Amino acid sequence: MGSAASSQPKVEETGQTTPKPIPIPTSAEIDLALKHLGVPERDVKAACESAWKETDKDNSGFVEKAELSKCLERVFKEIQGVQPDITIPAKEQREAGVTDAMKDLDTNKNGKLERDEFDVFVKMMLIMVKTMADVS
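From a predicted model like this one, the values you see are computed outputs, not experimental measurements.

Asks: Would you mind showing me how to read the overall build of the chain here?
Replies: Within the chain one finds five helices and two strands. Along the chain, from the amino end to the carboxyl end, the secondary structure elements read β-β-α-α-α-α-α. Burial analysis of the chain (136 residues in total) assigns 27% to the buried set. Summarising the internal contacts of the chain: among those between residues at least 6 apart in sequence, 61% fall at separations of at least 24.

Asks: Explanation requested: helix α4 (residues 91-105) in the structure shown.
Replies: With 15 residues, α4 ought to run about 21 Å at 1.5 Å a step, and its terminal C-alpha atoms sit 20 Å apart, in line with that. Those residues of α4 that fall on the buried side of the exposure criterion are R94, V98, A101, M102 and L105. Around the axis of α4, the buried residues are gathered within 100° of arc, so they sit on the same side. In α4, the exposed positions angled more than 90 degrees off the buried face are occupied by E92, Q93 and K103.

Asks: Looking at this model, I keep getting lost on the packing of helix α3 (residues 65-82) against α4. Mind explaining?
Replies: At a minimum axis distance of 10 Å, the contact between α3 and α4 shows a crossing angle of 120°. Judged by the inter-axis angle, α3 sits oblique to α4. Viewed along their axes, α3 and α4 form a crossing whose handedness is right-handed. Taken together, the residues of α4 that come into contact with α3 (itself represented by K65, L68, S69, L72, E73 and F76) are R94, E95, V98, T99, A101 and M102. Classifying every residue of the contact of α3 with α4 gives six nonpolar, two polar and four charged.

Asks: What is the right way to read unusual backbone geometry from this model?
Replies: Only a minority of non-glycine residues have a phi that is not negative, and only a minority of peptide bonds are not trans. Its identity is not glycine, yet N59 carries a phi of approximately 55°, on the positive side. The topology assignment puts N59 in the loop between α2 (41-55) and α3. N59 gets classed as exposed once you look at its relative accessible area, which sits at 67%. Positive phi values are uncommon outside glycine, yet K109 reaches one of about 55°.

Asks: What is the right way to read the nonpolar core from this model?
Replies: Nonpolar side chains in soluble globular proteins tend to be buried together. L68, L72, L113, F118 and F121 are the most contacted members of the largest nonpolar core, which totals 27 residues. Secondary-structure elements contributing two or more residues to this core are α1 (27-36), α2, α3, α4 and α5 (115-135). In terms of residue count, the dominant contributor to this core is α5 (eight residues). Setting aside chain neighbours within four positions, we find F121 in contact with L68, C71, L72 and L105.

Asks: I keep staring at α2 and nothing clicks. Help me out?
Replies: Each α-helix winds once per 3.6 residues, and so residues spaced three or four apart point in a common direction. With 15 residues, α2 ought to run about 21 Å at 1.5 Å a step, and its terminal C-alpha atoms sit 21 Å apart, in line with that. Of the residues making up α2, those classed as buried are V44, C48, A51, W52 and T55. The arc that holds the buried residues of α2, viewed along the axis, is 100°, so those residues lie on one side. For α2, the exposed residues lying more than 90 degrees away from the buried face are R42 and K53.

Reading guide: rules and limits
The numbering scheme is per chain: residues are counted from 1 as the chain's sequence reads. Owing to the predicted nature of the model, reporting of local features is limited to residues with pLDDT of at least 70; listing and counting of side-chain atom pairs is limited to 80 or more, with chain, interface and lining totals taken over all residues. Excluding hydrogens and water, the side-chain figures rest on all heavy atoms present in the structure. Think of it this way: any DSSP run of H or I at least four residues long counts as a helix, any run of E at least two long counts as a strand, and we number them from the N terminus. Only protein chains enter the area calculation, which uses a 1.4 Å probe; residues under 20% of their type maximum are buried, those over 50% are exposed, and those in between are partly exposed. Contacts: residue pairs with any heavy atoms within 4.5 Å of one another. Take the number of residues in a helix, subtract one, and multiply by 1.5 Å to get its expected span. In this description, the arc belongs to the directions extending from the helix axis to the C-beta atoms. Axes here refer to lines fitted to C-alpha atoms; in helices the fit is confined to the stretch in contact. Angles between the N-to-C directions go from 0 to 180 degrees. Oblique is the label for any angle not under 35 degrees, not over 145, and not in the 65 to 115 range, which are roughly parallel, roughly antiparallel and roughly perpendicular in turn. By convention the crossing between two helices is left-handed if the near helix lies anticlockwise of the far one by an angle smaller than a right angle, and right-handed if it lies clockwise. Each residue is assigned to one class: nonpolar for Ala, Val, Leu, Ile, Met, Phe, Trp, Tyr, Cys and Pro, charged for Asp, Glu, Lys and Arg, and polar for all the others, Gly among them. Throughout this description, the term nonpolar core refers to a set of buried Ala, Val, Leu, Ile, Met, Phe, Trp, Tyr and Cys residues connected via side-chain atoms within 4.5 Å.

Below is the structure:
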């Protein structure tokens, strides 16, 4: 059994805690969530295809960090269209989020997102946008 201390968030020298990372759900869990939210599979596929074409501008077959950053900016603008009062995170926060997303989504650790890895990102963004739209 682990000790109680191992389950506590890490306290940095600044006295602030570092939150535990939220594990990325499996593709099956994401697909189930989208189905539960009433998003048709054809719409999910179309969103993934459209986002891929819009994001992989250099047609390399991969999405690199800079491309993912621009994609995330578009997502935030779309979210503002659904909820105009939402505050878009500062550039530094967005960049940190992109770095974290690259680490979490890049399952084969090649430093870039392949199509299936990128589709997980798009599906997660769809869940977020759909959930926000349903709440507003």
